[in-house]
Amino acid sequence: MSRLWSPAGGVPDHRPPFGVWVGEPAPPARPPARPPAPVRPRRQRRSTILLILAATVVTAMVAGSVVAMVDRLGAATPPRPGPVAAPSLDSLNAAIDRGEVFLGGLYKALGAAGAVQSEHYGLPIRVRFPDTGRWVLLGQGDGGPCPPGGCPSATRIRSLGTSYAAEAYELTFATPAGADGLRLRASVDWGAGGGRYRVRVAALGFEGPPATAEVWLDDVRLGTFRAGPAAATQPALGRSFPAAEVGHLRSFRYTVRHASQLAWLHAVSREDTARSTALARFMLHAGFVPGRDLRAAIFGRGRDAPRDFSYRHEPFLDAYGDCRLEPPATPLAYPYRSKACVADVRPYLLAARHDTLLPAIEALQALNRGESPDSSYRDESSLLPMATTSPGRTADVLERRFDGLGFGIPRCTLFGCDRARASALRTFAFGMLETVLGYRNGEVGRRPYADAVANLALSVQIGDDGVVRAADRVLYRPALRGGFLSYWDRERRYLKPSGIAQAAADHFNMPPEYLGARPTDSETGFDTYAFLALYRCARYQVGCRLVGAAGP
């Protein structure tokens, strides 16, 4: 593993001595040339490909069923981990406090409309055309009816370069003059010096009408460009900010299920009436019920929901309400259309039955309701209609997943589990389950798993130096301080999901708002925060109200 470098004081005034990229493998040797294969007729090639695909799917289904059955029968169970040193109370307090700051910066007040929780930090550039009063937000579709992933966009973004402490993009905004009527170059120097970062926007071209365009960084007005042949000669707009002032970097995109509901649960647990009221006002106006969320269990709530709530998508009992409702857009925010909503959630729920996340939440919810670790309920992940499971058996399966990967819980699909990276959402849901079973239900053998997951959480938190260590590079991004990596490899470095399944899922993405590094987000932050708060409560009897539990 390459030696990593962190700037003294957290603010770099020069590039790291080894450059930006680390850990790049040498290019593989080119194999010797082979004679060309005989060309088959097109119809024959198509039939062969379909046969291969069908065989692959059938094989994967059989293999997935066998793996699931082996897990349920408990075959080849790896040995439990030995005792590990539990994190100290001071280290937990520090990590939770840093997580609070990270999450707090993504809270977005919308005035009388209420508030939402932005998805992530980025470079949120929006434009207002004074002639019409129209706002255009980077990444937002045109608002017309269209299939997921197929919406025409009023904006486009293209990366111009990324380095250790800087990044630049070409932004295109549609105007009546054309789809590329306004072109901008937006850049940010994260290490501008003096503990500050600097955002700069220059005009590359502007064809009117309209005559002028105001450029904003989220809620900060940077300045105005005028249309005309000389638009590119106008002075660039720029402004610098203290490195700790990251609220202007909140994404325009928000979600209700992934973030705003969790922000409401978080605000309620902290008795932050102002924020919980604002978030509730927005959700109620959009048709959502605050707290009715499949992740309510991670904050010790949702006890009145059905045990299988995570699998419900029904008119009056819906864990995926954002797929049915249409939350509003404002000049500061617009809703993210989740990939889970494709084809009315059915493909997502089919895949989720082979994953590790929803079973862990379901087991945690049963324990929160006061059921015993051995209480049986329908096993939603089983292919057999009468199969049952329990919180304890679910924990056993997840322990084998944890032991098999060695550094967390992977994301699993019908085709198998990811062996290259651990998932934060799945690892910390598992950690919560082991914490409740081990520290509250007296199953002492579970405690080493809870301790190990707590240590993992601390090791994947982005530190106060703002340095993000990825598998292929090191970046300085001060806005991400206090966030937790959403995925990591064996070396605890961020490793973005990849592969055929991920590429297929990405096909349904909305137009991008930001193309920079996104190793963490609100969803990951809330899940990790809730786990650490629960673990601290269970082990040290501190801060128990944060997870809906009684104090000592």
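Quick look at the structure, then.

Procedures and definitions
Residues numbered from 1 in each chain as written. Predicted model: local features only at pLDDT ≥ 70, side-chain atom pairs only at ≥ 80, totals over all residues. Heavy atoms only, no water. Helix = DSSP H or I, 4+ residues; strand = E, 2+ residues; numbered from the N terminus. Buried < 20%, exposed > 50% of the residue type's maximum accessible area, 1.4 Å probe, protein only. Contact = heavy atoms within 4.5 Å. Areas by Shrake-Rupley, 256 points an atom, 1.4 Å probe, with all protein chains shown as cover. Pairing = 2+ DSSP bridges. Axes fitted to C-alpha atoms, helices over the stretch in contact; angles between N-to-C directions. Phe/Tyr/Trp six-rings, centres within 6.5 Å; stacked < 30°, edge-to-face > 60°. Lys NZ or Arg CZ within 6 Å of the ring centre and 35° of its normal. Disulfide = S-S within 2.5 Å.

1. A few points about the overall build of the chain
The secondary structure content of the chain amounts to eleven helices and 21 strands. Classification of the 552 residues of the chain by burial places 52% in the buried group. For the chain, contacts bridging at least 24 residues in sequence account for 65% of all contacts bridging at least 6. Total accessible area on the chain stands at roughly 24700 Å², and carbon and sulfur atoms take up 56% of it.

2. Considering the sheet that holds strand E7 (residues 178-193)
Across the sheet, five strands lie side by side as E5-E6-E7-E8-E11; this open sheet has antiparallel pairing. Two strands lie at the open edges of the sheet, namely strand E5 (155-163) and strand E11 (237-242), each paired on one side alone. Taken pair by pair, the neighbouring strands of this sheet meet at an average axis angle of 20°, ignoring direction. Pairing analysis gives eight bridges linking E5 to strand E6 (residues 166-175), with the strands arranged antiparallel.

3. A word on the packing of aromatic side chains
The description of an aromatic ring pair rests on the distance of the ring centres and on the angle between the ring planes. Per the stated rule, a full pass over the model turns up 15 aromatic pairs. Seen from their ring centres, Tyr254 and Phe282 are 5.3 Å apart, and the 90° between their planes marks the pair as edge-to-face. Taken as a pair, Tyr254 in strand E12 (residues 253-254) and Phe282 in helix H4 (residues 273-286) lie far apart in primary sequence, 28 residues in all. Of the two residues, Tyr254 and Phe282, neither departs from the other in class, the shared state being buried. The interplanar angle of 40° and the centroid separation of 5.8 Å between the aromatic rings of Phe428 and Trp488 together place this pair among those described as tilted. Here Trp488 lies in strand E21 (residues 487-488) and Phe428 lies in helix H8 (residues 424-440), a separation of 60 residues in the sequence. In this pair, the class of Phe428 matches that of Trp488, namely buried. Against the face of Trp135 rests Arg126, its NZ or CZ located 3.9 Å from the ring centre. The ring of Trp216 carries Arg126 above its face, with NZ or CZ at 4.9 Å from the centroid.

4. Side note on the sheet that holds strand E4 (residues 134-137)
Judged by pairing direction, the sheet is antiparallel, and its four strands sit side by side in the order E4-E3-E9-E10 without closing on themselves. Edge strands, defined here as strands with exactly one partner in the open sheet, are E4 and strand E10 (220-226). Pairs of neighbouring strands in the sheet enclose a mean axial angle of 25°, with direction left out of account.

5. With respect to the state of the cysteines
Under the counting rule described, the total for this entry stands at three disulfides. One disulfide in the model links Cys323 with Cys341; its S-S distance is 2.0 Å. Residues Cys323 and Cys341 are joined through a disulfide that is left-handed, its torsion about the S-S bond being -75°. Residue Cys323 is located in the loop between H4 and strand E13 (334-335), and its partner Cys341 is located in the loop between E13 and helix H5 (346-352); the two are separated by 18 residues in the primary sequence.

Spatial relationships are all this shows, so hold off on functional conclusions.
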